[in-house]
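Here is what each chain is made of, one letter per residue.
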Amino acid sequence: MHQSKTFCMHPFTGLATREDGAIQVCCRSHPIGNVQCQSLEDIWNNNTMKRIRQQVLNNERPKECEPCFSLEDQGVESLRQRHIEEQRLDQERRAQRENDEHAAKLIRMRAAQGGN
């Protein structure tokens, strides 16, 4: 499966806050707003967030996400990459667990029917 060079789940799943009220796409991004001036709902739905979401889907690098892309350009795993890999591993584990449960169910059904 092709892995995007820019996709990140963070613009779609939450926001990070700093003590000074700055709001970030994630704990590594540059600030996109401040709760002292805007509500979280307004920041979540503002044009900056919409642009960032569109950019990560269009294989573009949002300027706010420069910290991750800078690490990647240096050959260092970024938070973006780490979280994508964690998500992939979670999906694999879930699929394996479902397969194991299905196999166990089939074995029990066969045993109940007196089959081998």
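Here the structure is a predicted model, which means the values were calculated and not measured. (Residues numbered from 1 in each chain as written. Predicted model: local features only at pLDDT ≥ 70, side-chain atom pairs only at ≥ 80, totals over all residues. Heavy atoms only, no water.)

K.L.:
Sorry, what's going on with unusual backbone geometry here?
P.N.:
With the exception of glycine, the majority of residues adopt a negative phi angle, and the majority of peptide bonds are in the trans configuration. Phi at N59 takes a positive value of approximately 60°, unusual for a residue other than glycine. Checked against the element boundaries, N59 lands in the loop between α3 (47–57) and α4 (66–73). (Helix = DSSP H or I, 4+ residues; strand = E, 2+ residues; numbered from the N terminus.)

K.L.:
Just to check I follow, could you spell out the pattern of salt bridges for this structure?
P.N.:
Oppositely charged side chains are able to pair whenever their charged atoms sit close together. Tallied over the full model, the rule gives seven salt bridges. The salt bridge involving D73 is made with R61; its shortest N-O contact spans 2.8 Å. Pair noted here: D73 is in helix α4 and R61 is in the loop between α3 and α4, with a separation of 12 residues, a long-range link. Since its relative accessible area comes to 54%, D73 is described here as exposed. A relative accessible area of 42% places R61 in the partly exposed class. Between E72 and R80 there is a salt bridge whose closest N-O contact spans 2.9 Å. (Salt bridge = Lys/Arg side-chain N within 4 Å of Asp/Glu carboxyl O. Buried < 20%, exposed > 50% of the residue type's maximum accessible area, 1.4 Å probe, protein only.)

K.L.:
Which parts of the structure should I look at to understand the packing of aromatic side chains?
P.N.:
We describe a pair of aromatic rings using the distance from one ring centre to the other and the angle between the two ring planes. Applying the stated rule across the entire model yields one aromatic pair. Seen in terms of ring centroids, F7 and F12 are 5.9 Å apart; in terms of plane orientation they differ by 20°. Their pairing is stacked. Take F12: its relative accessible area is 35%, and that puts it in the partly exposed class. Its guanidinium or amino end placed over the ring of W44, R53 lies 4.3 Å from that ring's centre, counting from NZ or CZ. (Phe/Tyr/Trp six-rings, centres within 6.5 Å; stacked < 30°, edge-to-face > 60°. Lys NZ or Arg CZ within 6 Å of the ring centre and 35° of its normal.)

K.L.:
Would you mind going over the packing of α4 against helix α5 (residues 79–112) with me for this structure?
P.N.:
Geometry of a packed helix pair, given as the angle between the helix axes and the separation of the axes. In the contact formed by α4 and α5, the axes pass within 8 Å of each other and the chain directions differ by 85°. As the angle between them shows, α4 and α5 are arranged roughly perpendicular. Here C68, F69 and E72 of α4 lie close against α5, whose contacting residues are L79, R80 and Q81. For the contact of α4 with α5, the residue count by class is three nonpolar, one polar and two charged. (Axes fitted to C-alpha atoms, helices over the stretch in contact; angles between N-to-C directions. Parallel < 35°, antiparallel > 145°, perpendicular 65-115°, else oblique. Contact = heavy atoms within 4.5 Å. Nonpolar A, V, L, I, M, F, W, Y, C, P; charged D, E, K, R; others polar.)

K.L.:
Any chance you could explain the side chain of S78 here in plain terms?
P.N.:
The residue S78 is located in the loop between α4 and α5 in this model. When residues no more than four places from it in sequence are discounted, the contact partners of S78 are C68, L71 and E72.

K.L.:
What should I look at first to understand the sheet that holds strand β1 (residues 16–17) in this one?
P.N.:
Either a parallel or an antiparallel arrangement is found when strands of a sheet pair, and the pairing is made through backbone hydrogen bonds. In space, the three strands of this open sheet follow the order β1-β2-β3, with antiparallel pairing throughout. The sheet is open, and its two edges are formed by β1 and β3 (31–34), each paired on a single side. (Pairing = 2+ DSSP bridges.)

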